[in-house]
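The lines below spell out each chain.
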Amino acid sequence: MTEITDTTPLSTAGSTPDGDIKWVRSASDVSRLVNDGSQGRANARIVVGIALGGIFLDAYDLGALAFGIKDITREFNLTPAGTGMVASAITFGAIVGALLGGYLTDKIGRYRVFMADMVFFVVAAIACALAPNEYVLAGARFVMGLGVGIDLPVAMAFLSEFARLKGPGNKASSVAMWCPTWYAAISVSYLLVLFFYAVLPESHSDWLWRLILGFGAVPALVIIAIRSRYMSESPVWAANQGNLKEAASILRQSYNINAHVPQDALTQPAPVVNKAKWSNYLNLFRGIYLRRTTLATLLSVVSSFAYNAVAFGLPVIISSFFVQSMLTTILISLALNLLFAFVGGLLAVRYVPRFGAWRMSLAGYACQLVALLGLALIGRPEGASEGVLAVAMLALFLFGQGFGPGAHTMTFASLSYPTSLRGVGVGLNQTLMRSSSTLSLFLFPLLVASLDTAVFWVIALAPFIGLASLLAIRWEPSGYDVDAEDYR
């Protein structure tokens, strides 16, 4: 074989990989080696874990604000519209951030974007804790939304591109990991609320929402430190940019794959695969991608609308069902998220390689539709039996969200497009999803004020549309080599 040529000497590329040399002559070779997944992945597993950091912070903020919104409303004397403004400000920022982040993820690379977006979380969390009025609070949450919007496309790209194609731990399974991570973060926020609620003197109870929102800066700083040590560029993206030497170096360090570029492959520079540009957003609506984009968008929009209304309003819903203390509301919310949403998310990760994202999403939407219709029929519970049944319906909704659309909307968004379009694909999906979130978070206080528990009839339209969309467009992204579409 021809002479080995690399940018990073083996002595400095981490531990020397075992096994035969794998020759890299094109971007498709790099994609094939990642998809094969037969070698140990070393730091790649850590990278997948780190990729979930921004998702953790996004969910943490939602859960924290859900408990703090009543105190914020009282402290700043907010109208329902003002409450909606504060609640939805983060999603307005995420709409802008997702479009920008999707393009930058494809343009300048996963690593550079990933290392920068955590700064938004740190600055915004501190500003939220110190906010003197609702306008500063809403502005800080908008900045946090920018970070969330930028982070999601690059996080999904990493989860998609640092996993093998088929079998346990495949791409669909790795992407679905965002779901239990989300619910774990929600549960952590509930535990922190419980902790601060227990230790704060009653005279300082108005500090609770400031402490839990400001605490978000702590994990953000930890994530920055960890990312700076373990993160590397996606090898598939690097290869698509024509940099086979960098891709081979990443494969050695992160995958323990003894990858090298032969000298004869370097005599002519490797071509750039589908160069990143703003017009790539239009490509999502052309050819084979039109059906995929339509399905991924519909699933994300309706899932986000229903989940945000129920999850954000969960403490309010529970407290309206039962005349209970703040402590009881926290404990019931925590139990529902851990026992049903979180467990459902773990089942999604475990079983999507076997059943696929389409079937699991279909089953999840069916559970949600039954749950929301049940809540609408129960209305405001009268007596303990109806109260228990109402909580059971909330549990069914969260369980269906966990193993169904909650996990796999990101699968459809991330794995419907090859590497060259993945950033803009997730960016567009997140922009539209966040628009739905904004509408949901803004309208929920207004709808509850006018409809009370009859609001569940409105929310039930979301899983119905999700079911209809899946039955109309039968697209299964799990186990399909979508990255190969870049090389045809």
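Residues numbered from 1 in each chain as written. Predicted model: local features only at pLDDT ≥ 70, side-chain atom pairs only at ≥ 80, totals over all residues. Heavy atoms only, no water.

By the naming in an unreviewed UniProt entry, the protein is MFS transporter, taken from Enterobacter nematophilus.

Before going further, it helps to spend a moment on the overall build of the protein. When its secondary structure is counted, the protein shows 23 helices and three strands. Within the protein, the proportion of its 488 residues that are buried is 59%. In the protein, the share of contacts with a sequence separation of at least 24, taken over all contacts with a separation of at least 6, comes to 85%. Of the accessible surface of the protein, which amounts to about 18,300 Å², a share of 66% is contributed by carbon and sulfur atoms. (Helix = DSSP H or I, 4+ residues; strand = E, 2+ residues; numbered from the N terminus. Buried < 20%, exposed > 50% of the residue type's maximum accessible area, 1.4 Å probe, protein only. Contact = heavy atoms within 4.5 Å. Areas by Shrake-Rupley, 256 points an atom, 1.4 Å probe, with all protein chains shown as cover.)

Another point: helix α23 (residues 461-472). The end-to-end C-alpha distance of α23 is 16 Å, a good match for the 16 Å that twelve residues give at a rise of 1.5 Å each. What α23 keeps buried is the set Ala462, Pro463, Gly466, Leu467, Ser469 and Leu470. In a view along the axis of α23, the buried residues occupy a sector of 165°, so they form one face of it. With respect to the buried face of α23, the exposed residues turned more than 90 degrees away are Leu461, Phe464 and Ala472. (Expected span 1.5 Å × (residues − 1). Arc of directions from axis to C-beta.)

Okay, empty space enclosed by the protein next. As enumerated under the stated definition, the model contains three cavities of 30 Å³ or more in all. If you add up the space inside the largest cavity, you get close to 270 Å³. Breaking the lining of the largest cavity down by element, the ones donating at least two residues are α3 (53-75), α4 (80-107), α9 (178-199), α15 (289-312), α20 (405-415) and α21 (419-451). The leading source of residues in the lining of the largest cavity is α15, at five residues. The residue inventory of the lining of the largest cavity, partitioned by class, reads ten nonpolar, nine polar and four charged. (1 Å grid on protein atoms, 1.4 Å probe; cavity = no way out; pocket = protein on both sides within 12 Å on 5 of 7 lines; lining within 4 Å. Points joined across faces, edges and corners; volume = space filled by probe spheres on them. Nonpolar A, V, L, I, M, F, W, Y, C, P; charged D, E, K, R; others polar.)

Take the environment of Ile226 next. Mapping Ile226 onto the fold places it in helix α11 (residues 217-230). When the C-alpha atoms of Ile226 and Ile46 are compared, they prove to be 9.6 Å apart, with 180 residues separating the residues in sequence.

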